[in-house]
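Here is how the chains run, residue by residue.
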Amino acid sequence: MTDASDQRPPVDNPLDPGRLASLGVEVLPHTPSTNAVLAERAREGAPEGLVVATEHQTAGRGRLDRTWETPAGSALTFSTLLRPEVPPATWPWLPLLTGYAVAKALAGAGFGAVLKWPNDVLIGDRKVAGILVERVETPEGPAAVVGIGLNVLLAAEELPVPTATSLLVESQGLGHPVPDRTVLLASLVDTLLESYGAWQAGVEDGSVARLRESYTRVCGTVGRDVEVSLPDGSRLVGRATSIDEHGRLVVAPAAGPEVPVGAGDVVHVRPA
């Protein structure tokens, strides 16, 4: 019997496995989840820096187990294995660091990306990339599987929600071509590993403060009035004033003291 996945039409702008292999990137034709594949590799002892990408992810997940799927070849979906050797208190910065690295790489490709706290990547007010960082226990110690999904070649009518966008859609407005997916993936991986290396190497010497400053500069949430939905059903409404030293969003309600909220403690953050 022929697998239906083998009957998909050819992918435009396909990834080049040969060019990516030198970066430690393995390209799969299709897989339910690159995070799941890489988590298993991590438990088997895979080294830090291994990247698994796919042309078609069929059961991707976001925060709170939200599903995420795009047509074959229309996105960059990949996961990177990291093995941080930093104090546990600094681990919550990994999702924010990843969002910052993606926004930086997109800026280098000519797209003015901003961040919605904690790690949604936006162009304008529309989401172009999502990130899911998962902690995995391995015989060598805890590891982080960093999953990134970036909309590249989705046409406007293919976008899942009105609040989403793609590099194809944005390129049409900017008047320049969509980046080569292989080149863009290489840039994303390089920028992520470079940012991660600088952060990890300097945790004792102020790298968290520097990351906090860099992240805040491109975070569109800070300075806006927001409504934070909490797991108990309550809502916190106020001005997002800053990012604290733990990567939490600090919200100042109309009355009362400022309230820091962590990414694991919120369901949604929306404009008020």
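Note on numbering: residues in each chain are counted from 1, in written sequence order. In keeping with the model being predicted, local features are shown solely for residues with a pLDDT of at least 70 and side-chain atom pairs are shown and tallied solely at 80 or more, while totals for entire chains, interfaces and linings include all residues. Side-chain metrics in this entry use all non-hydrogen atoms of the structure; hydrogen atoms and water are not considered.

Participant: I keep staring at the sheet that holds strand β13 (residues 259-261) and nothing clicks. Help me out?
Facilitator: Backbone hydrogen bonds are what pair the strands of a sheet, in a parallel or an antiparallel way. Paired strands, as defined in this entry, are two strands with at least two bridges between them according to DSSP. We count a stretch as a helix when DSSP gives it H or I for four or more residues in a row; a strand needs E for two or more, and each element gets its number in order from the N terminus. Taken in spatial order, the 5 strands of this open sheet run β13-β12-β11-β10-β14, and their pairing is antiparallel. Single-partner strands in this sheet number two, and they are β13 and β14 (268-271). Adjacent strand axes in the sheet meet at a mean angle of 45°, parallel and antiparallel pairs treated alike. Examined bridge by bridge, strand β11 (residues 235-243) and strand β12 (residues 249-253) share 5 bridges and lie antiparallel to one another. For Arg 239, the partnering residue across the bridge sits in β12 and is Ala 252. Lines are fitted to the C-alpha atoms to define the axes, a helix being fitted only along its stretch in contact, and any angle between axes, read from their N-to-C directions, falls within 0 to 180 degrees.

Participant: Which parts of the structure should I look at to understand the pairing of strand β5 (residues 75-82)?
Facilitator: In the case of a regular strand, side chains alternate between the two sheet surfaces. In terms of burial, β5 is largely enclosed, as 8 of its 8 residues are buried. Side chains of β5 alternate between two faces, with Ala 75, Thr 77, Ser 79 and Leu 81 and Leu 76, Phe 78, Thr 80 and Leu 82 buried alike. Bridging between strand β2 (residues 51-54) and β5 involves 4 bridges; their strand directions are antiparallel. Within β5, the position partnered with Val 51 by the bridge is Thr 80. For β5 and strand β9 (residues 141-151), the ladder comprises 8 bridges, and the chain directions are antiparallel. Bridged to Thr 77 within β9 is Gly 149. For every residue, the accessible area obtained with a 1.4 Å probe (protein chains only) is divided by the maximum for its type, and the residue is called buried under 20%, exposed over 50%, and partly exposed between those limits.

Any link to function would need more than the numbers given here.
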